Amino acid sequence: MMIAHHDLDAASRQILMDNSLPSRSFPTTLWTVVLHAGRDEPARARVALQQLCQGYWYPLYSFTRHRGYSPEDAQDLTQAFFAHLLEKRGLGRADPERGRFRTFLLAALKNFLANEWDKSHARKRGGGQTIVSLEQEAGESRYRLEPAHDLTPERHFERQWAVTLLDQVLSALQNEYEAEGKSELFDEMKNVITGHAGAYAEMAARLKRSEGAIKVAAHRLRHRYRELIRARIAQTVGEGEVEDELRHLMAALRG
């Protein structure tokens, strides 16, 4: 689900700075996927790479567009880059002890663009492989809606990584509420996250609940939202780096 990014950014920063929400440790399971994508047999590596990179395609696509490539070339470049990682076992060089995965991924893309890309052979270089579903039309529509800015491509990538992560977390949260039969509650309470929440009394009246119950629900929503953000971050950083990455996330959202 897509939310206006400037609204989501400000509200999310406020929630993440709420120290009343406790910390929790999460296993860095995605690093296992990274290593499998670099070392396992091709079929298994392909599945791992698809799982791993689905959340990164738009930041990488947006970075490439920001470097001046056309929508068509940016799509081909991004797809070919994922194919390159799989074919060259490039993910085998990713290591939690050597930095964050997004940093590795961006450096690998920049190297790919500088040294291995021939625009006249874009589709041929990709080998016709669809490694990750790029949703090009949606991606280009999103790119065109981005506000004007003077960020470098690198800082732009960092911001899009942060925005994409928050959007994925919000979608996961929505799925949880829907699975519990609480779609109506989520539709009303999501405004607590996006920064458009009205008075609790008004929400209580619409949902036919007490104002106290709505305040409790809002607290639980913010708590779970922060938990999911921490869990997603913990999958791509080394142990003990979650707090630092949360600070980096907030800095990236500020642009």
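Computed from a predicted model, the values in this text were never measured in an experiment. (Residues numbered from 1 in each chain as written. Predicted model: local features only at pLDDT ≥ 70, side-chain atom pairs only at ≥ 80, totals over all residues. Heavy atoms only, no water.)

### Notes on the overall build of the protein chain
- The number of helices and strands found in the protein chain is 14 helices and zero strands.
- The buried share among the 255 residues of the protein chain stands at 49%.
- Here the contacts in the protein chain between residues at least 6 apart in sequence split such that 77% fall between residues at least 24 apart.
- When the accessible surface of the protein chain is summed, it comes to about 12,600 Å², and 47% of that surface belongs to carbon and sulfur atoms. (Helix = DSSP H or I, 4+ residues; strand = E, 2+ residues; numbered from the N terminus. Buried < 20%, exposed > 50% of the residue type's maximum accessible area, 1.4 Å probe, protein only. Contact = heavy atoms within 4.5 Å. Areas by Shrake-Rupley, 256 points an atom, 1.4 Å probe, with all protein chains shown as cover.)

### A closer look at the pattern of salt bridges
- Scanning the model with the defined rule gives 10 salt bridges in all.
- Put simply, K182 and E180 hold a salt bridge, and the shortest N to O gap is 3.5 Å.
- Accessibility expressed as a relative area gives 52% for E180, which makes it exposed.
- Connected through shared salt-bridge partners, R102, E158 and E245 make up one network. (Salt bridge = Lys/Arg side-chain N within 4 Å of Asp/Glu carboxyl O.)

### What to know about the environment of M250
- You can see M250 is positioned in helix α14 (residues 242-254).
- Each C-alpha atom, one on M250 and one on A162, is 8.0 Å from the other, the two residues being 88 residues apart in sequence.

### Let's talk about the confidence of the model for the protein chain
- Overall, the predicted model of the protein chain reaches an average pLDDT of 76, with 67% of residues at or above 70.
- The low-confidence segment residues 19-29, where pLDDT is below 50, has 21 contacts with residues more than four positions distant or belonging to other chains.
- This stretch, residues 122-126, has a pLDDT under 50; its non-local contacts, to residues over four places away or in other chains, come to 12 contacts. (pLDDT = per-residue confidence, 0-100.)

### With respect to the packing of aromatic side chains
- Taken as a whole, this structure holds seven aromatic pairs when the rule is applied.
- For the ring pair F63 and F157, a centre distance of 6.5 Å and an interplane angle of 85° mean the geometry is edge-to-face. With F63 in helix α4 (residues 57-66) and F157 in helix α9 (residues 153-179), the pair connects residues that are 94 residues apart, well separated along the chain.
- The exposure class of F63 is buried, given its relative accessible area of 0%.
- On the basis of relative accessible area, F157 is assigned to the buried category, the value being 0%.
- Clustering of aromatic rings is evident, with ring pairs tying together W57, Y58 and Y61.
- Positioned over the ring face of W161 is R102, at 4.3 Å from the centre of the ring. (Phe/Tyr/Trp six-rings, centres within 6.5 Å; stacked < 30°, edge-to-face > 60°. Lys NZ or Arg CZ within 6 Å of the ring centre and 35° of its normal.)

### What to know about α9
- Here α9 is 27 residues long and its end C-alpha atoms lie 38 Å apart, about the 39 Å a rise of 1.5 Å per residue gives.
- Looking one or two residues beyond α9, the residue adopting positive phi is G181, at roughly 70°. (Expected span 1.5 Å × (residues − 1).)

### Some remarks on α4
- Extensive coverage of α4 is indicated by the burial of nine of its 10 residues.
- Within the span of α4, buried status applies to W57, Y58, P59, L60, Y61, S62, F63, T64 and R65.
- Downstream of α4 by one or two residues, G68 has phi in the positive range, about 105°.

### What to know about the nonpolar core
- By size, the foremost hydrophobic cluster in this structure holds 60 residues, and its most contacted members are F81, M189 and I229.
- For this core, the element with the highest residue contribution is α9, accounting for 10 residues.
- With residues up to four places along the chain from it excluded, the contact list for F81 reads L60, L105, A108, L109 and F112. (Core = buried A, V, L, I, M, F, W, Y, C linked by side-chain atoms within 4.5 Å.)

### Brief notes about the environment of S183
- Tracing the sequence through the fold places S183 in helix α10 (residues 183-189).
- When sequence neighbours within four positions are dropped, the list of residues in contact with S183 reads Y177 and E178.

### Concerning the packing of helix α5 (residues 71-87) against helix α6 (residues 101-115)
- One can describe the packing of α5 onto α6 by two numbers: an axis separation of 11 Å at closest approach and a directional angle of 110°. With respect to their mutual orientation, α5 and α6 come out roughly perpendicular. Contact with α5, carried on its side by L77, A80, F81, H84 and L85, involves L105, A108, L109, F112 and L113 of α6 and no other residues of that element.
- For the contact of α5 with α6, a count of residues per class yields nine nonpolar, one polar and no charged. (Axes fitted to C-alpha atoms, helices over the stretch in contact; angles between N-to-C directions. Parallel < 35°, antiparallel > 145°, perpendicular 65-115°, else oblique. Nonpolar A, V, L, I, M, F, W, Y, C, P; charged D, E, K, R; others polar.)

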